[in-house]
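Analysis of the macromolecular model
Now for the letters of each chain:
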2 protein chains.
Amino acid sequence: MNLILLSPEDIENHRLARVRDPRRLAHLREVHRARPGDTLTLGIAGGALGRGELLTLDDDEACFDVSALDQPPPPALPVHLVLALPRPRMLARSLEHVTALGVKQITLLNTRRVEKSYWQSPELDDEKIHRHLVLGLEQARDTRLPEVTLAKGFRPFVEDRLPGLLAGRRGLVAHPGMPDDCPRGLDEPALLLVGPEGGFIPWEVERLLEAGCQGIHLGPRILRVETAVTVLLARLS
Amino acid sequence: MNLILLSPEDIENHRLARVRDPRRLAHLREVHRARPGDTLTLGIAGGALGRGELLTLDDDEACFDVSALDQPPPPALPVHLVLALPRPRMLARSLEHVTALGVKQITLLNTRRVEKSYWQSPELDDEKIHRHLVLGLEQARDTRLPEVTLAKGFRPFVEDRLPGLLAGRRGLVAHPGMPDDCPRGLDEPALLLVGPEGGFIPWEVERLLEAGCQGIHLGPRILRVETAVTVLLARLS
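Conventions and cut-offs
Residues numbered from 1 in each chain as written. Chains lettered and ligands numbered in written order. Predicted model: local features only at pLDDT ≥ 70, side-chain atom pairs only at ≥ 80, totals over all residues. Heavy atoms only, no water. Helix = DSSP H or I, 4+ residues; strand = E, 2+ residues; numbered from the N terminus. Contact = heavy atoms within 4.5 Å. Areas by Shrake-Rupley, 256 points an atom, 1.4 Å probe, with all protein chains shown as cover. Buried < 20%, exposed > 50% of the residue type's maximum accessible area, 1.4 Å probe, protein only. Buried area = accessible area lost by both parts, 1.4 Å probe. Salt bridge = Lys/Arg side-chain N within 4 Å of Asp/Glu carboxyl O. Axes fitted to C-alpha atoms, helices over the stretch in contact; angles between N-to-C directions. Parallel < 35°, antiparallel > 145°, perpendicular 65-115°, else oblique. Left-handed = near helix turned anticlockwise from the far one by under 90°. Nonpolar A, V, L, I, M, F, W, Y, C, P; charged D, E, K, R; others polar. Polar contact = N/O pair within 3.5 Å; in protein donor to acceptor, adjacent residues only side chain to side chain. Domains from an automatic or database assignment. Pairing = 2+ DSSP bridges. Right-handed = clockwise from strand over helix to strand, strands pointing away. Phe/Tyr/Trp six-rings, centres within 6.5 Å; stacked < 30°, edge-to-face > 60°.

Here we take up the overall build of chain A. Helix and strand counts for chain A come out as six helices and 13 strands. Each principal axis of the C-alpha atoms in chain A carries an extent, and together these give about 60 × 40 × 35 Å. Excluding contacts between residues fewer than 6 apart, the proportion of contacts in chain A whose partners are at least 24 apart in sequence is 70%. As presented, chain A carries roughly 10,900 Å² of accessible surface, and 49% of it is formed by carbon and sulfur atoms.

The backbone phi angle of His14(A) is positive, close to 60 degrees, even though this residue is not glycine. Among the secondary structure elements, His14(A) is positioned in the loop between β2 (11-12) and β3 (16-19). The exposed category is assigned to His14(A), whose relative accessible area is 73%. Phi is positive for Arg33(B), which is not a glycine, with a value near 45 degrees. Position of Arg33(B) relative to the elements: it lies in the loop between α1 (22-30) and β4 (39-44).

Contact with chain A, which involves 29 residues of that partner, is made by 29 residues of chain B. Buried surface at the junction of chain A and chain B, both sides included, amounts to about 2,400 Å², of which 50% is carbon and sulfur. Contact with chain B buries area across many residues of chain A, yet Gln139(A), Arg221(A) and Ile222(A) alone supply 28% of it, more than any other trio. Between chain A and chain B we count four salt bridges in total.

Residue and element names in this part refer to chain B. With respect to the helices and strands, Thr111 occurs in the loop between β8 (103-109) and α3 (126-140). Judged by relative accessible area, which is 2%, Thr111 ranks as buried. Beyond its immediate stretch of four places on either side in the chain, Thr111 contacts Ala84, Phe154, Pro196, Phe200 and Glu204.

What follows is about the packing of helix α2 (residues 88-100) of chain B against helix α6 (residues 225-236) of chain B. Residue and element names in this part refer to chain B. Packing of α2 against α6 brings their axes to within 10 Å, and their N-to-C directions diverge by 15 degrees. Here α2 lies roughly parallel to α6, going by the angle between them. The two elements α2 and α6 cross, and the hand of that crossing is right-handed. Two secondary-structure elements touch here, α2 through Met90, Arg93, His97 and Val98 and α6 through Glu226, Val229, Thr230 and Leu233. By residue class, the composition of the contact of α2 with α6 is four nonpolar, two polar and two charged.

All names here are of chain A. Within the secondary structure, Arg170 sits in strand β10 (residues 170-174). Here Arg170 falls in the partly exposed class, since its relative accessible area comes to 27%. For the pair Arg170 and Ala190, spaced 20 residues apart in sequence, the C-alpha separation works out to 4.6 Å. Setting aside anything within four residues of it in sequence, one finds Arg170 in contact with Pro183, Leu186, Glu188, Pro189, Ala190, Leu191 and Gln214. One polar contact links Arg170 to Gln214, side chain to side chain, over a distance of 3.0 Å.

Next up on the list: the domain arrangement of chain A. How big an interface is tends to be reported as the loss of accessible area on association of its parts. Residue and element names in this part refer to chain A. Per the domain assignment, the segments making up chain A are domain 1 (4-65) and domain 2 (77-236). Computed over C-alpha atoms only, the centres of domain 1 and domain 2 are separated by 33 Å. Taken together, the contact pairs eleven residues of domain 1 with eight residues of domain 2. It is Leu5, Arg23 and Leu49 that lose the most area in domain 1 upon contact with domain 2, and together they represent 63% of the buried surface on that side. Linking domain 1 with domain 2 are one salt bridge. Taken together, the links from domain 1 to domain 2 amount to three residue pairs in polar contact (both at pLDDT 80 or more).

Moving on to the pairing of β4(B). Residue and element names in this part refer to chain B. Sheet analysis places strand β1 (residues 4-6) next to β4, joined by three bridges and oriented parallel. The partner of Leu5 across the bridge, within β4, is Gly43. Alignment of β4 against strand β5 (residues 49-57), held across five bridges, turns out to be antiparallel. Opposite Leu40, over in β5, you have Gly52 as the bridge partner. Hairpin remark: β4 followed by β5, antiparallel, with four residues in the connecting loop; positive phi at Gly46, about 80 degrees.

Bringing the pairing of strand β9 (residues 147-151) of chain B into the picture now. Residue and element names in this part refer to chain B. Two strands pair when backbone bridges link them, and β8 and β9 are joined in this way by five bridges, in the parallel orientation. Counted as the bridge partner of Gln105 is Glu147 from β9. Handedness of the crossover is the feature at issue here: the chain leaves β8, passes through α3, returns alongside β9, and the resulting connection is right-handed.

This part covers the sheet that holds strand β2 (residues 11-12) of chain B. Residues and elements named next belong to chain B. The mixed open sheet is built from six strands, whose spatial order is β1-β4-β5-β6-β3-β2. Across the chains shown, the open sheet's two edge strands, defined by having one partner strand only, are β1 and β2. α1 contacts β1, β3 (16-19), β4, β5 and β6 (62-65) of the sheet and is inclined by roughly 150 degrees relative to β1.

Another aspect to go through is the packing of aromatic side chains. Within a pair of aromatic rings, the relevant descriptors are the distance that separates the centres and the angle that separates the planes. Residue and element names in this part refer to chain A. Taken as a whole and assessed by the stated rule, the structure comprises two aromatic pairs over all chains. Geometrically, the ring pair formed by Phe154 and Trp203 is tilted, given 5.9 Å between the ring centres and 55 degrees between the ring planes. You can see Phe154 sitting in helix α4 (residues 154-166) and its partner Trp203 sitting in helix α5 (residues 202-210), a full 49 residues away along the chain. In this structure Phe154 comes out as buried when scored by relative accessible area, which is 7%. In this structure Trp203 comes out as partly exposed when scored by relative accessible area, which is 34%.

Laid out in structure tokens, this is it:
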């Protein structure tokens, strides 16, 4: 927790914020070993961040002075990530990683090699997803939550949603054996599609290329999806 | 297991290889659903790789024809990674990731913010380390094992070993707030130093800079060590 992320409803009169949830109170006490008078990095969900003073801390509440929060959050990564739904434990970690890296739009996609059972995972509950996004923001000192969308059918996604997503964005399908190397330091918005462990099936790759996406690769090494996503975002940014 | 990694002692007359360990036998049966006559990607530790035929498979042994293995392993990443010893679970994962990414030299370093107890972890046993390196090679279809060295003292490392490591390598210390952005597509050998969660302490950064390393950063986002290492290697390569 490199940032205490405050929701707008925590804040009174633009000046005081009260934190009452046990997770953050425990972290303030045990990791930060915070005491009244300390200044900590604070941010307001969707808004500014900066240093703020801890005024009081007891078993039920921490109260901060937020009047000096005036810095913008770090720039977002202009990449909409379309990720084949990973296995639940990996999903949790991937949401944190890509949020920390600054992705603001995430679509979780069904593909042939996504196990059906993954769609029933409790990790897909709104509240669980939200928790992982918040952990990613707290890690990276960001305040702007990504938007997560579920696309439970590959064909409806490609036919109904992909054309709109590709308007104004460069589409990139990451898949081993594609002709082009992953571009570096992209200076335009991108839609990045990453398959599941085992990859997209050839029919899926064909549909994505037909829709106007460019096939890119990361070289001869086959990487875990988790590693590949981080490498792709690091190269594109 | 995108590659069946064979040790030289598994091989008879440059032609047949016998695999007998339960982990790989189970994987062949359950994940690959392999049957005699199938061709699989095989590699010889430290040597060539290619496609080879599964000749027989029973409860105790898989036997492969390795006579057609003639491709070189993927290029190594010319980066010697010096990583502050991570917590045990993270160590296991990091060894796999960086091996998959092609790093061939890994030094695990003690720093002020490394918890003493981490040095007692069974994850540091040679055999455990070897297992994670093999998992990384199998993932990335590589055959050349990285070399892992433990540096249990920061000062002896800096005084006795760092000068030799920096001969012929560009030294890079990744640390938030350093002046330079991480270089991209480095075309020379590098020594990359990455601190623990919480970072190097200022005294450590000073020693590393004095020794001739360049301080680099990844922007305003604070990343987990695991993510930061992958991002750094992706940018450098």
